[in-house]
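# Coordinate inspection notes
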Amino acid sequence: MTATLERGDRRTLLKRMADASEPYLYSAPALILIVAVMLVPLTLGISYAFRDIQLLNPFSGGFIGLDHFQTLGQDADFYRALKNTLWWTGASVVLQFTFGLILALLLDKPFYGRGLAQALVFLPWAVPSFLAGLNWAWLFNPVIGPLPHWLFSMGILSAPNNILSDPSLAMWGPIIANVWWGIPFFAITLLAALQAIPRDLYEAAAIDGAGPFQRFWSITLPFLAPTMAITILLRTVWVSNFADLIIVMTNGGPADRTQIVASYIFTQAFRRLDFGYASAIALVLLVLLMAYSMLIVLLRQTLLNKD
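Residues numbered from 1 in each chain as written. Predicted model: local features only at pLDDT ≥ 70, side-chain atom pairs only at ≥ 80, totals over all residues. Heavy atoms only, no water.

## Observations concerning the pattern of salt bridges
Put simply, the test is: Between Lys or Arg on one side and Asp or Glu on the other, a salt bridge is scored when a side-chain nitrogen of the former is within 4 Å of a carboxyl oxygen of the latter. Elements are defined by DSSP. Helices are runs of H or I of four residues or more, strands are runs of E of two residues or more, and each kind is numbered from the N terminus. Summary of the burial criterion: residues with accessible area below 20% of their type's maximum are buried, those above 50% are exposed, and those between are partly exposed, where the area comes from a 1.4 Å probe applied to protein chains only.
Per the stated rule, a full pass over the model turns up 2 salt bridges. Two residues, Arg80 and Asp77, come together in a salt bridge whose shortest N-O distance is 2.8 Å. Residue Arg80 and its partner Asp77 are both found in helix H3 (residues 76-107); the two are separated by 3 residues, about one turn of the helix. Residue Asp77 is classed as partly exposed on the basis of its relative accessible area of 30%. Arg199 is the partner of Asp108 in a salt bridge, and the nearest nitrogen-oxygen pair spans 2.9 Å. In this pair, Asp108 sits in the loop between H3 and helix H4 (114-126) while Arg199 sits in helix H8 (residues 199-207), placing the two residues 91 residues apart along the sequence. Judged by relative accessible area, which is 10%, Asp108 ranks as buried. With relative accessibility at 37%, the residue Arg199 sits in the partly exposed group.

## Observations regarding the packing of aromatic side chains
Let me state the cut-off plainly: Two rings from Phe, Tyr or Trp (for Trp, the six-membered ring) form a pair when their centres are within 6.5 Å of each other. A pair whose planes differ by under 30 degrees is stacked, one over 60 is edge-to-face, and the rest are tilted.
Within this structure, the stated rule accounts for 14 aromatic pairs. When the centroid spacing of 5.5 Å and the interplanar angle of 45 degrees are considered together, the rings of Phe50 and Phe69 count as tilted. Remark: Phe69 occurs in helix H2 (residues 67-73) and Phe50 occurs in the loop between helix H1 (2-48) and H2; sequence separation between them is 19 residues. The partly exposed category is assigned to Phe50, whose relative accessible area is 23%.

## Let's talk about the side chain of Arg235
To be explicit about the condition: In this tally, Asp and Glu contribute negative charge and Lys and Arg positive charge; neither His nor the terminal groups of the chain are included. Nitrogen and oxygen atoms within 3.5 Å of one another constitute a polar contact, given that in protein one can donate a hydrogen and the other can accept it, and given that sequence-neighbouring residues count only through two side-chain atoms. Should any heavy atoms of two residues lie within 4.5 Å, those residues are counted as being in contact.
Mapped onto the fold, Arg235 is located in helix H9 (residues 212-240). Buried charge without a partner: Arg235 forms no salt bridge, and the closest opposite charge is Asp244, 10 Å away. One polar contact links Arg235 to Gln96, side chain to side chain, over a distance of 2.8 Å. If sequence neighbours within four positions are ignored, Arg235 has contacts with Val93, Gln96, Trp125, Asn178, Trp181, Gly182, Phe185 and Phe186.

## Points about the nonpolar core
Rules: Here, nonpolar core refers to any group of buried Ala, Val, Leu, Ile, Met, Phe, Trp, Tyr and Cys residues whose side-chain atoms link them within 4.5 Å.
Grouped together as the largest cluster of nonpolar side chains are 45 residues, with contacts concentrated most on Trp88, Phe140, Leu190, Leu245, Met249 and Ile260. Among the secondary structure elements, those contributing two or more residues to this core are H3, helix H5 (129-139), helix H6 (147-153), helix H7 (172-195), H8, H9 and helix H10 (244-249). Looking at this core element by element, the count peaks at 12 residues for H7. Contact partners of Trp88, with chain neighbours within four places excluded, come to Met171, Pro174, Ile175, Asn178, Val239, Phe242, Leu245, Ile246 and Ile260. Core analysis: the second largest hydrophobic core is formed by 12 residues, Val261, Ile265, Tyr277 and Leu289 among them.

## A short note on H5
Three- or four-residue spacings in an α-helix give side chains the same orientation, since the helix completes a turn every 3.6 residues. We count it as follows: The directions from the helix axis to the C-beta atoms are what the arc is built from.
What H5 keeps buried is the set Ser129, Ala132, Gly133, Trp136 and Ala137. Within H5, the buried residues cover an arc of 135 degrees as seen down the axis, which keeps them to one side.

## With respect to the confidence of the model for the protein
Low pLDDT means the predicted atomic positions in that stretch should not be read closely. Filter applied, for reference: Each residue gets a pLDDT score, which is the predictor's confidence in that residue and runs from 0 to 100.
On average, residues of the protein score 86 in pLDDT, and 94% of them reach the 70 mark or higher. Least confident of the elements in the protein is H1, whose mean pLDDT is 74; most confident is H3, at 94.

## Thoughts on the packing of H7 against H9
The line we're drawing: All axes are obtained by fitting lines to C-alpha atoms, using only the stretch in contact for helices, and the reported angles, taken between N-to-C directions, cover 0 to 180 degrees. An angle below 35 degrees is treated as roughly parallel, one above 145 as roughly antiparallel, one from 65 to 115 as roughly perpendicular, and anything else as oblique. For any pair of crossing helices, the crossing counts as left-handed if the nearer helix is rotated counterclockwise from the farther one by less than a right angle, and right-handed if it is rotated clockwise.
Remark: H7 packs on H9, axes separated minimally by 10 Å, with the N-to-C direction vectors making an angle of 150 degrees. Comparing their axes, H9 and H7 come out roughly antiparallel. The way H7 lies across H9 gives a crossing that is right-handed. Here Asn178, Trp181, Gly182, Phe185, Phe186, Thr189, Leu190, Ala193 and Leu194 of H7 lie close against H9, whose contacting residues are Thr220, Leu224, Thr227, Met228, Thr231, Ile232, Arg235, Trp238 and Val239.

## Points about helix H11 (residues 261-270)
Counting buried residues along H11, 8 of its 10 residues qualify, which places the element largely inside the surrounding structure. Taken as a whole, H11 has its buried residues at Val261, Ala262, Ser263, Tyr264, Ile265, Thr267, Gln268 and Ala269.

## Some words on the environment of Asp67
Position of Asp67 among the secondary structure elements: in helix H2. Through-space distance from the C-alpha of Asp67 to that of Arg51 is 8.8 Å; in sequence the pair is 16 residues apart.

This is the structure in structure tokens:
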């Protein structure tokens, strides 16, 4: 009798363990894939930041501690790239968000051919970034592109020159290309949020005498605020790491005026073949972006708790 009870208890214990481990077994393939694809490369990249990894030096590979970060603290090119990153990211995200919100508000109104207009607005998002950068570089070329001549005719430029070769204007080339390429992201997400707002609220506000601006300020913005916060956060992180357009259009020039941290990492890793130093720069950028993300999340949570 006692043996039978012990076997019954053992089966019950095994069944409980099996039931408890069942969710983890179902999620194991996804977890293994995430570890293999994301965590392992991330761990290796972080370890490279503390090692001397130079492909052209057969004697490199040893542990050097914080030497890369000490060099980075005295690297004037890095600080210039960091300053350019702030300008590149801020201008791109602000302009993308502004035009994306305007497009979302326009597309939210019913009109004939709205489906075709939405398809045309979302088209730039489907263009590969490399191809977009190449096309915009051609457009800014005064030999084959119309933009310098149009800008000269409008009095914006003193001569139909290529702004990508002008140190004082070169950053505007990739920014304009990035704004054109990234507007659909904000337009898509904000349009989806706009269509989720109950129309009864607008009708009630109109009956109470609220004008278009009052309805936008009192109804539209509060409903859009969560979507705006998360899209701005995501787009800021993406643009800070986005160097495709700059590499294709200017390659960081002229005179490093368009060199951002992401393109500086590319230069160190794939042109100077110094993967250790490039990993140290990438780790600093990761820490800065994580700090920014935490700040935005805490600010959003504070505002929600205040409300």
